[in-house]
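What the coordinates show
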Amino acid sequence: MSHAPHGPRALDAEGLAALVDALVAAGYRVLGPAVKGGAIVYDEVASGKELPRGFTEDQDAGRYRLGRRDDEAFFGFAVGPTSWKRFLHPPDLLRFRASREGHGFAVEPADGAPTSLALLGVRPCDLAAIARQDRVLLGGPYADPAYAARRTEAFVVAVQCTEPGGTCFCASMGTGPRAESGFDLALTEGPASAFVVEVGSSRGAELLGRVPNRPAAADEVAAARAATDAARGKMGRTLETAGLKEALQAAAESPRWEAVAGRCLSCANCTLACPTCFCTTVEDTTDVTGGRAERWRRWDSCFSLDFSYIHGGSVRRTPSSRYRQWLTHKLASWHDQFGEPGCVGCGRCITWCPAGIDLTEEARAVARGPVPAKAARKE
Amino acid sequence: MTLAAGANDPILPRPYRVHRVQKETSDTFTLELRPEAGQASFPFAAGQFNMLYVLGVGEVPISISGDPGLPQSLVHTTRSVGAVTKGMGRLQRGDAIGVRGPFGTPWPIEAAAGNDVVFVAGGIGLAPLRPALYQVMARREAYGRVVLLYGARTPEDILFRRQLKEWRADFDLEVHVTVDRATRDWRGNVGVVTHLIPRVPFDPYHTVAMVCGPEVMMRYTVMELERRGVQLEDVHVSLERNMKCGVGFCGHCQMGPKFVCKDGPVFPFEKVRDLLNVREV
């Protein structure tokens, strides 16, 4: 056999552009990196020529700065403010229209059949995040039809991580920097934008077959593997997860919740940036006659006061209880619900917190318990 | 799990008609709903709820308060407190309403057979318990003593008054009612419902308790039941949280690791005991 169809292949920069064009030609709405508003976001990519090159970014708690690299790399950055849930679980979605008919009304589903999506540049942490949302929205007694319609057919081109960002901690969460499954194709970008391509599905192999590629050389494959292995040691953040769930669940009355609430603005940025946060609310609207109504589903956040409202008032009135809800859900009760943590270590909540609150630091502080007064004085 | 017809899209309300509107008290009412002509009704279990949609106004979770033995008429009793329930209160016979459901876990009616049954209700909390009462009354011989302890704000706020009288007369249901504030002609108990628990006859070692009311009332009720010797695994409570979807997608009803919509609303008390002791959980 001259070449195994699923063995590692190699693409160059033109091959990558051709891959995008092949996805567009196959009828996919291709979503990939784009530079907008001073950040690398995910947006529609109309052709392979549009992919940005030579960008990087500097990330820290409450800080994101777009920068230029001294090479022309396609994926020389970590993750930006957008996550793939924007497309798989959209922030605003019309669920149905209803119109009055005589004394009754008729309900008409509105979502239809969305165009198949191709996700280009999915980092391993984000692949894990998609799998987390799969379990929430597809894995229960009911499946969310809107999510299923977008997710089931989505074509996934992953990009393995070789240069983690300043707020990354996927190595701690066991979700990266290298993905072994969950993709149709996975790219590792090498020097001079030579990509090693792993094939994860037959339709991935089929698509790759439509663009110029060659078998990857053994030393290219070894170098790609070495680069992702090395990335493990370059994480900007770490989080010790052993015993963390139990420690957080035992710390409902920790004074740290009050302390962090003193800095938290309850702005909900973390939940909007988080690739696994799935909460939504609904908004019902009518025209002026009241005869035609629409129901919209919108992203919601457990940081808002209304989120827990029942008659008589909100259950979680204080910002400390809302921060506690978010953090313990993400790192502890998600385990009870879905058998894994709700955090994938992408670092977005740290970068995009306007107050620079660091989830890894808060989790550590709550889990460690209050520092005894003596020890605190010594510091 | 009972899946309703049309459950392949759990998000779409199915059209129902208001068949009857019954004013219960100054701020509560009961709606009896029937499917649109030609549409099938669905079975439900005591303790389950539906999401009720008022065209253009919104949707709220409301417990079913009717008889599970008569699923063709879907009965809900609610208080007018928000925009949607006020909108529901303005509906008249023949008006349309959207229904999604039934959702959630049931009261342990079968498991309670052979035991004494103690129902403890606070205010509108009697409504979610009524389907369980219907079922226990329908098989009255299968249970030992059956007691309802019910706390209302005032004598005017007592729900299902006539029906309780009938059950008391015809089916050996022991009913004790207490009110927070008495009126001039009230000769019954005054005070919190938990004060009734030490005084009523039931065998605590063979009792299943079903409790629904404000959380603080349920916490103290369970303490009193435990003091009488009722085993906590035999105590069940129905919880309330904000809900936007009813099927575990929207996240609003979470209480620690529990989704009240799909893991509840009826929980064995032991499963939520620790959560109920945490403020603002």
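If you tally the helices and strands in chain A, you get 14 helices and 16 strands. For 379 residues, the compact-globule estimate of 2.2 N^0.38 gives 21 Å, and chain A sits close to it at 23 Å. When the 379 residues of chain A are sorted by exposure, 55% land in the buried category. Of the contacts made within chain A by residues no fewer than 6 positions apart, 70% connect residues no fewer than 24 positions apart. In the form shown here, chain A has an accessible surface area of approximately 15800 Å², with 52% of it arising from carbon and sulfur atoms. Taking the average place of the 45 positive charges on the side chains of chain A and the average place of its 45 negative ones, the gap between the two points comes to 5 Å.

Secondary structure assignment for chain B yields six helices and 15 strands. At 18 Å, chain B has a C-alpha radius of gyration in line with the 19 Å of a compact globule built from 281 residues. Each principal axis of the C-alpha atoms in chain B carries an extent, and together these give about 50 × 45 × 35 Å. In chain B, which comprises 281 residues, the share counted as buried stands at 60%. Counted over contacts in chain B with a minimum sequence separation of 6, partners at least 24 positions apart contribute 71%. Carbon and sulfur atoms make up 49% of the accessible area of chain B, which amounts to about 11400 Å² in all. For chain B, the distance from the average site of its 33 positive side-chain charges to the average site of its 30 negative ones is 5 Å.

The next point concerns the domain arrangement of chain A. All names here are of chain A. One can read the domain layout of chain A as domain 1 (9-234) and domain 2 (244-378). Centre-to-centre, using C-alpha coordinates, domain 1 lies 26 Å away from domain 2. Facing the 43 residues of domain 1 at the interface are 37 residues of domain 2. Both sides together, the interface formed by domain 1 and domain 2 hides about 3500 Å², and carbon and sulfur atoms give 57% of it. Considering only the surface of domain 1 that becomes buried against domain 2, K85, R132 and F169 emerge as the three largest contributors, covering 19% of it.

Residue and element names in this part refer to chain A. One can find C277 in the loop between helix 10 (269-273) and strand 13 (280-286). Separated by 160 residues in the primary sequence, C277 and L117 place their C-alpha atoms 21 Å from one another. Beyond its immediate chain neighbours, meaning those up to four positions away, C277 contacts K85, Q133, T271, W326 and K330.

With that settled, the discussion passes to the nonpolar core. Grouped together as the largest cluster of nonpolar side chains are 105 residues, with contacts concentrated most on W326, L331 and L359 of chain A. Those residues within four positions of L359 of chain A in sequence are excluded, and the remaining contacts are F169, L239, Y323, W326, L327, L331, C343, C349 and I350 of chain A. Counting 35 residues, the second-largest nonpolar core is a separate cluster that includes A127, L129, V146 and F160 of chain B.

Our next topic: the interface of chain B and chain A. Often, the extent of an interface is quoted as the loss of accessible area on bringing the components together. Taken together, the 46 residues of chain B in the interface contact 49 residues of chain A. For the pair chain B and chain A, the summed buried area comes to about 3900 Å², and 59% of that belongs to carbon and sulfur atoms. In terms of surface lost to chain A, no three residues of chain B exceed L55, F249 and E280 of chain B, which account for 21% of the buried area on that side. Connecting chain B to chain A are two salt bridges. Counting across the chain B and chain A interface gives 18 residue pairs in polar contact (both at pLDDT 80 or more). Of all the secondary-structure elements, those providing two or more residues to the side of chain B that touches chain A are strand 1 (14-25), strand 4 (58-63), strand 6 (96-103) and strand 14 (258-259) of chain B. Sorting elements by how many residues they give to the side of chain B that touches chain A places strand 6 of chain B first, with five residues.

This next bit is on the sheet that holds strand 7 (residues 104-109) of chain A. All names here are of chain A. In spatial order, the strands read 7-6-14-13; together these four strands make up an open sheet with antiparallel pairing. Each edge of the open sheet is held by one strand with a lone partner, namely strand 7 and strand 13. Ignoring strand direction, the axes of neighbouring strands in this sheet form an average angle of 25°. Of the pairings in the sheet, the one linking strand 6 (residues 92-101) to strand 7 comprises six bridges and is antiparallel in character. When the sheet's bridge partners are listed, R97 is paired in strand 7 with E108.

What follows is about the packing of aromatic side chains. The tally for this structure, following the rule as stated, stands at 21 aromatic pairs over all chains. Three or more aromatic residues joined by ring pairs make a cluster, and in this case those are F74, F75, F77 and F195 of chain A. Note that K262 of chain B overlies the ring of F259 of chain B, its terminal NZ or CZ placed 4.6 Å from the centroid.

The subject of this paragraph is the confidence of the model for chain A. Per-residue pLDDT for chain A averages 94, and the proportion of residues at 70 or more is 96%. Contacts of residues 375-379 of chain A to residues separated by more than four positions or lying in other chains number one contact, the stretch itself having pLDDT below 50.

Residues and elements named next belong to chain B. Within the open sheet, the six strands sit side by side as 4-3-6-1-2-5. Their pairing is antiparallel. Edge positions in the sheet fall to strand 4 and strand 5 (74-79), since each of these pairs with one other strand and no more. Going from strand to strand, the sheet's axes swing by 40° on average, the running direction of each strand aside.

A few words now on the domain arrangement of chain B. Residues and elements named next belong to chain B. When its domains are assigned, chain B resolves into domain 1 (14-103) and domain 2 (116-238). For domain 1 versus domain 2, the distance between C-alpha centres works out to 24 Å. Taken residue by residue, the interface counts 18 residues in domain 1 and 14 residues in domain 2. The three residues of domain 1 that bury the most area against domain 2 are T25, S65 and T77, which together make up 31% of that side's buried surface. On the surface where domain 1 and domain 2 come into contact, there are one salt bridge. In this structure, R153 engages D27 in a salt bridge whose closest nitrogen and oxygen atoms are separated by 3.1 Å. Among the elements that make up the side of domain 1 that touches domain 2, the one with the highest residue count is strand 5 (four residues). Of the residues that constitute the side of domain 1 that touches domain 2, the class distribution is four nonpolar, 10 polar and four charged.

Residues and elements named next belong to chain B. Looking at the secondary structure, you find T85 in helix 1 (residues 83-89). Among the polar contacts listed, one links the side chain of T85 to the backbone oxygen of R79, at a separation of 3.4 Å. At 2.9 Å, the side chain of T85 and the backbone nitrogen of V81 are in polar contact. Among all residues touching T85, those that are not within four sequence positions of it are F29, V60, I62, T78, R79 and S80.

Looking now at helix 11 (residues 319-338) of chain A. Bending of helix 11 of chain A peaks at approximately 60° at the position of H329 of chain A. Counting buried positions along helix 11 of chain A gives 17 out of 20 residues, so the element sits mostly inside the fold.

Criteria and cut-off values
- Residues numbered from 1 in each chain as written.
- Chains lettered and ligands numbered in written order.
- Predicted model: local features only at pLDDT ≥ 70, side-chain atom pairs only at ≥ 80, totals over all residues.
- Heavy atoms only, no water.
- Helix = DSSP H or I, 4+ residues; strand = E, 2+ residues; numbered from the N terminus.
- Rg over C-alpha atoms; globule rule 2.2 N^0.38 Å.
- Buried < 20%, exposed > 50% of the residue type's maximum accessible area, 1.4 Å probe, protein only.
- Contact = heavy atoms within 4.5 Å.
- Areas by Shrake-Rupley, 256 points an atom, 1.4 Å probe, with all protein chains shown as cover.
- Lys, Arg positive; Asp, Glu negative; His and termini not counted.
- Charge placed at Lys NZ, Arg CZ, Asp CG, Glu CD.
- Domains from an automatic or database assignment.
- Buried area = accessible area lost by both parts, 1.4 Å probe.
- Core = buried A, V, L, I, M, F, W, Y, C linked by side-chain atoms within 4.5 Å.
- Salt bridge = Lys/Arg side-chain N within 4 Å of Asp/Glu carboxyl O.
- Polar contact = N/O pair within 3.5 Å; in protein donor to acceptor, adjacent residues only side chain to side chain.
- Pairing = 2+ DSSP bridges.
- Axes fitted to C-alpha atoms, helices over the stretch in contact; angles between N-to-C directions.
- Phe/Tyr/Trp six-rings, centres within 6.5 Å; stacked < 30°, edge-to-face > 60°.
- Lys NZ or Arg CZ within 6 Å of the ring centre and 35° of its normal.
- pLDDT = per-residue confidence, 0-100.
- Nonpolar A, V, L, I, M, F, W, Y, C, P; charged D, E, K, R; others polar.
- Bend = angle between axes of the 7 residues up to and from the residue.

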